[in-house]
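Now for the letters of each chain:
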Number of protein chains: 2
Amino acid sequence: MSLYIGIDVGGTTIKGIVLDVGGKLCLEDSIVTGAGEEIAVNAVTLINRMRNAVKGEYAGVGIGCAGAIDSENGSVVFAGNLKLKNFPLAKIISEKTGLPAKITNDANAAALGEARFGAGKEYTDSVLVTLGTGVGGGIVIGGKLFEGNKSVGAELGHMVIEFGGNKCSCGRRGCFEAYSSATALIKRTKWAMEEDPGSEMWNTYTSETVSGKTAFEYAETDIAASEVVDWYIKYLACGLINIANVIRPQVIMLGGGVSGQRERLTAPLQAIIDRETFASHFAPVKITTATLGSSAGAYGAAALLMD
Amino acid sequence: MSLYIGIDVGGTTIKGIVLDVGGKLCLEDSIVTGAGEEIAVNAVTLINRMRNAVKGEYAGVGIGCAGAIDSENGSVVFAGNLKLKNFPLAKIISEKTGLPAKITNDANAAALGEARFGAGKEYTDSVLVTLGTGVGGGIVIGGKLFEGNKSVGAELGHMVIEFGGNKCSCGRRGCFEAYSSATALIKRTKWAMEEDPGSEMWNTYTSETVSGKTAFEYAETDIAASEVVDWYIKYLACGLINIANVIRPQVIMLGGGVSGQRERLTAPLQAIIDRETFASHFAPVKITTATLGSSAGAYGAAALLMD
């Protein structure tokens with residue numbers, strides 16, 4: 001029976017998994033990422049270690065990698081943190097392991113992982129939106145990744161939802177990410193605390209210790225906190241409705257740190273989306289939270305070969 | 001050699017064309033649309049007339065139709081102007097003509113027409129954005145229509161680009177359509193004329209006779225007109241960059257009345273898109289104008305059968 005390897009190349013760690021053809025997890029392992037060409041060496045070490053641990057016939061290696069990835073050519077176009085530029089990572093891994101290899105970016109890999117094995121497994125069309133330091137995600141249509149020309153599409157975080165609005169990490173203004181990332185939520189929470197010296201949030205937090213959880217924690221008892229949560233959900237809903245109107249997946253899965261709020265996030269979002277999305281009675285869009293956590297990327301990487 | 005019929009069911013007229021397998025136009029014809037069930041009768045009359053005029057082996061009939069269309073089930077879910085609701089138009093046409101029939105909405109049909117036979121024919125991934133009474137359009141990926149679940153996706157005009165902004169015809173605020181339709185352009189032009197009684201636009205127009213062309217006509221000599229054009233292009237660029245970042249087609253084709261401005265629109269838009277779109281040097285998005293005009297829908301309808 002065929003086995004599949006998925007590796008997720010992150011800033012500090014390469015996570016690896018072995019799945020069987022039915023998607024059952026056979027092994028998890030990891031290795032330090034390193035930088036530059038060393039990354040390929042470390043990835044091959046991890047892959048060989050996993051093949052030794054789980055014997056069988058391997059169908060290939062899928063790779064999820066941070067940065068701008070050209071999946072068609074199998075190369076890392078640019079990944080600043082990893083010190084890679086125009087680096088044929090998939091080709092090198094394929095040569096060194098003797099296995100077919102495919103690569104996509106880490107956000108797309110996570111989307112495919114959740115789509116095939118996580119919160120999206122009952123649907124053919126799903127979108128993952130990760131609410132972390134930034135807003136990332138990926139689009140799966142008919143069970144396959146939709147990446148856009150040269151894999152540059154699905155940059156969901158850099159869809160403008162407020163023309164001329166808040167400054168985004170990308171240099172433009174008003175991007176979805178500038179409102180719906182954990183970073184934006186924390187910034188807004190700090191601002192609300194400073195605006196309101198009587199806020200109960202000050203009982204436990206200072207503007208140094210505030211996190212993406214703070215406002216949710218006090219939302220039921222403190223007006224300032226409740227306003228932050230309302231603000232956050234309002235903009236997040238706006239971005240999700242845009243995704244619904246343009247892509248119309250059957251499900252949008254929320255990942256990343258803020259998605260830990262679960263029903264406190266999904267319940268109000270679902271209500272707004274049902275009310276405001278075009279033809280939502282006819283083609284509803286379910287809002288849910290991702291289930292694979294930080295393993296989603298490795299799962300999705302393995303799924304790249306399962307076509 | 002196989003022949004293909006495409007019909008485009010609009011508010012007043014059903015346009016029909018016959019294409020050969022290479023996409024060559026063999027015949028154009030039209031008939032009054034009518035309303036309700038009568039539409040199917042008229043469509044069949046038109047189809048039979050075209051088959052009598054151009055003899056040959058017909059592979060099928062493609063239908064583009066205004067309204068909400070469920071292409072999978074071949075039915076018109078709702079089309080207010082046509083007085084149709086849950087009407088199996090494709091099935092009826094197929095039964096009455098003995099030919100296979102497929103249906104999609106008119107905006108998607110136009111996008112497919114431009115993609116296969118018009119401004120997008122050299123590309124595999126294209127998006128059509130029509131700047132008319134509203135903002136419509138469609139998405140073609142790998143040469144095929146991308147419609148979203150139950151054909152409800154690709155509602156490009158109802159992507160919010162300014163949270164809480166201008167009122168849209170859909171009832172929400174800040175939609176792309178509320179800034180980039182001809183309707184929005186005319187509204188802004190009127191506003192600018194009323195703000196500036198010295199505007200040269202008053203030389204020829206009143207607030208009753210102003211059109212989507214007025215501001216462009218005076219943009220080189222009148223500040224108020226020039227500001228309207230800048231405003232319009234700025235928001236239009238914002239919407240197109242969103243499409244580029246989410247879908248990343250190789251080309252975005254502009255159709256509808258305002259696209260008649262051609263280079264006056266595409267030149268400044270291309271400059272902004274090249275500058276502001278994520279990774280545009282690596283995966284550029286060409287901005288151009290559509291070439292098939294009001295025949296695009298019938299061409300695209302015929303192409304529905306050419307898979």
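Residues numbered from 1 in each chain as written. Chains lettered and ligands numbered in written order. Predicted model: local features only at pLDDT ≥ 70, side-chain atom pairs only at ≥ 80, totals over all residues. Heavy atoms only, no water.

Caption draft 1: Broad picture of the overall build of chain A. Of regular secondary structure, chain A possesses 10 helices and 13 strands. Computed over C-alpha atoms, the radius of gyration of chain A comes to 20 Å, within 12% of the 19 Å expected from 2.2 N^0.38 for 307 residues, which places it in the range of a compact globule. In chain A, which comprises 307 residues, the proportion classed as buried is 59%. Counted over contacts in chain A with a minimum sequence separation of 6, partners at least 24 positions apart contribute 60%. (Helix = DSSP H or I, 4+ residues; strand = E, 2+ residues; numbered from the N terminus. Rg over C-alpha atoms; globule rule 2.2 N^0.38 Å. Buried < 20%, exposed > 50% of the residue type's maximum accessible area, 1.4 Å probe, protein only. Contact = heavy atoms within 4.5 Å.)

Caption draft 2: Quick look at the packing of aromatic side chains. Under the defined criterion, the tally for this structure stands at 14 aromatic pairs over all chains. Summarising the aromatic geometry, the rings of A:Phe163 and B:Tyr235 are spaced 4.0 Å apart at their centres and angled 25 degrees between planes, so their arrangement reads as stacked. Taken together, the residues span two chains, with A:Phe163 in the loop between strand S11 (144-146) and helix H4 (177-180) and B:Tyr235 in helix H8 (residues 223-247). Note on A:Phe163: relative accessible area 22%, which makes it partly exposed. Ring-pair connections join several aromatic residues into one group, and the members of that group are A:Phe163, B:Tyr179, B:Trp231 and B:Tyr235. The lysine or arginine in question, A:Lys150, covers the ring of B:Phe282, its NZ or CZ lying 5.4 Å from the ring centre. (Phe/Tyr/Trp six-rings, centres within 6.5 Å; stacked < 30°, edge-to-face > 60°. Lys NZ or Arg CZ within 6 Å of the ring centre and 35° of its normal.)

Caption draft 3: Layout of the relation of the copies chain B and chain A. Superposing chain B onto chain A takes a rotation of 180 degrees combined with a translation of 0.0 Å along the rotation axis, leaving an RMSD of 0.0 Å. Between the two chains, the operation in question is that of a two-fold axis. A shared interface surface links the copies, since 100% of the contact residues of chain B are contact residues in chain A too. (Least-squares fit on C-alpha atoms with pLDDT ≥ 70 in both.)

Caption draft 4: Looking closely at the pairing of strand S6 (residues 75-79) of chain A. All names here are of chain A. Most of S6 sits inside the fold, with 4 of its 5 residues counted as buried. Strand direction decides the pairing type here: strand S5 (residues 68-70) and S6, joined by 3 bridges, are antiparallel. Of the residues in S6, the one forming a bridge with Ile69 is Val76. Linkage of S5 to S6, two consecutive antiparallel strands, is achieved through a turn of 4 residues, within which Gly74 is found at a positive phi near 70 degrees. As paired strands, S6 and strand S7 (residues 84-87) are joined by 3 bridges and run antiparallel to one another. (Pairing = 2+ DSSP bridges.)

Caption draft 5: How the structure looks around the side chain of A:Ser280. You can see A:Ser280 is positioned in the loop between helix H9 (263-276) and strand S13 (286-289). In contact with A:Ser280, not counting residues within four places along its chain, are A:Arg248, A:Ile273 and A:Asp274.

Caption draft 6: Spotlight on the packing of helix H3 (residues 106-117) of chain A against helix H10 (residues 296-303) of chain A. All names here are of chain A. Relative orientation of the contacting elements H3 and H10 amounts to 80 degrees, with a least axis distance of 6 Å. Between H3 and H10, the angle is such that the two are roughly perpendicular. Between H3 and H10, the contacting residues are Ala109, Ala110, Leu112, Gly113, Glu114, Arg116 and Phe117 on the first element and Ala296, Gly297, Tyr299, Gly300, Ala301 and Ala303 on the second. (Axes fitted to C-alpha atoms, helices over the stretch in contact; angles between N-to-C directions. Parallel < 35°, antiparallel > 145°, perpendicular 65-115°, else oblique.)

Caption draft 7: Spotlight on the interface of chain B and chain A. Facing the 36 residues of chain B at the interface are 36 residues of chain A. With both chains or domains summed, chain B and chain A bury close to 3,400 Å², and 66% of this area falls on carbon and sulfur atoms. It is B:Phe163, B:Val246 and B:Phe282 in chain B that bury the most area against chain A; as a group they hold 22% of the surface buried on that side. If you look at where chain B meets chain A, you find 2 salt bridges. Between B:Glu276 and A:Arg172 there is a salt bridge; the shortest N-O distance is 3.0 Å. For the side of chain B that touches chain A, the secondary structure elements donating two or more residues are strand S10 (135-141) and H8 of chain B. It is H8(B) that contributes the most residues to the side of chain B that touches chain A, 8 residues altogether. Class assignment for the residues of the side of chain B that touches chain A results in 20 nonpolar, 7 polar and 9 charged. (Buried area = accessible area lost by both parts, 1.4 Å probe. Salt bridge = Lys/Arg side-chain N within 4 Å of Asp/Glu carboxyl O. Nonpolar A, V, L, I, M, F, W, Y, C, P; charged D, E, K, R; others polar.)

Caption draft 8: Layout of unusual backbone geometry. Positive phi, close to 45 degrees, is recorded for A:Asn86, a residue that is not glycine. Relative to the elements of secondary structure, A:Asn86 occurs in strand S7. The exposed category is assigned to A:Asn86, whose relative accessible area is 55%. The residue B:Lys150 is not glycine, and still its phi comes out positive at about 55 degrees. Residue placement: B:Lys150 occurs in the loop between strand S11 (144-146) and helix H4 (177-180). Residue class for B:Lys150 comes out partly exposed when judged on its relative accessible area of 37%.

Caption draft 9: Spatial organisation of the sheet that holds strand S9 (residues 126-131) of chain B. Residues and elements named next belong to chain B. Spatially, the 5 strands line up as an open sheet ordered S11-S10-S9-S12-S13, and their pairing is mixed. The open sheet terminates on both sides in strands that have one partner only, identified here as S11 and strand S13 (286-289). For this sheet, the mean inter-axis angle between neighbouring strands, taken without regard to orientation, is 25 degrees. Strands S9, S10, strand S12 (251-255) and S13 of the sheet are contacted by H8, whose axis makes an angle of about 155 degrees with S9. On top of the sheet, helix H9 (residues 263-276) reaches S9, S12 and S13; it is set at about 165 degrees to S13, its chief contact.

Caption draft 10: Spatial organisation of the sheet that holds strand S6 (residues 75-79) of chain B. Residues and elements named next belong to chain B. With antiparallel pairing, the 3 strands of this open sheet are ordered in space as S5-S6-S7. Single-partner strands in this sheet number two, and they are strand S5 (68-70) and strand S7 (84-87). When the angles between neighbouring strand axes are averaged without regard to direction, this sheet yields 20 degrees.

Caption draft 11: Just the domain arrangement of chain A, in detail. Residue and element names in this part refer to chain A. Looking at chain A, the domain boundaries give domain 1 (2-116 + 295-303) and domain 2 (121-291). Residue-level contacts link 13 residues of domain 1 with 16 residues of domain 2. With both sides pooled, the region where domain 1 packs onto domain 2 buries about 1,200 Å², and carbon together with sulfur makes up 49% of that total. Of all residues in domain 1, the largest losses of buried area upon contact with domain 2 belong to Asn108, Glu114 and Ala115, amounting jointly to 42% of the total for that side. At the junction of domain 1 with domain 2, the criterion picks out 0 salt bridges. Counting the contacts that link domain 1 with domain 2 gives 8 residue pairs in polar contact (both at pLDDT 80 or more). Listed by contribution, the elements that provide at least two residues to the side of domain 1 that touches domain 2 are S5 and H3. When residues in the side of domain 1 that touches domain 2 are grouped by element, the largest group, 8 residues, is from H3. Residues that form the side of domain 1 that touches domain 2 fall into these classes: 6 nonpolar, 3 polar and 4 charged. (Domains from an automatic or database assignment. Polar contact = N/O pair within 3.5 Å; in protein donor to acceptor, adjacent residues only side chain to side chain.)

Caption draft 12: The arrangement of the confidence of the model for chain A in detail. The predicted model of chain A has a mean per-residue pLDDT of 96, with 100% of residues at 70 or higher. Scoring of the predicted complex yields 0.95 for pTM and 0.94 for ipTM. (pLDDT = per-residue confidence, 0-100.)

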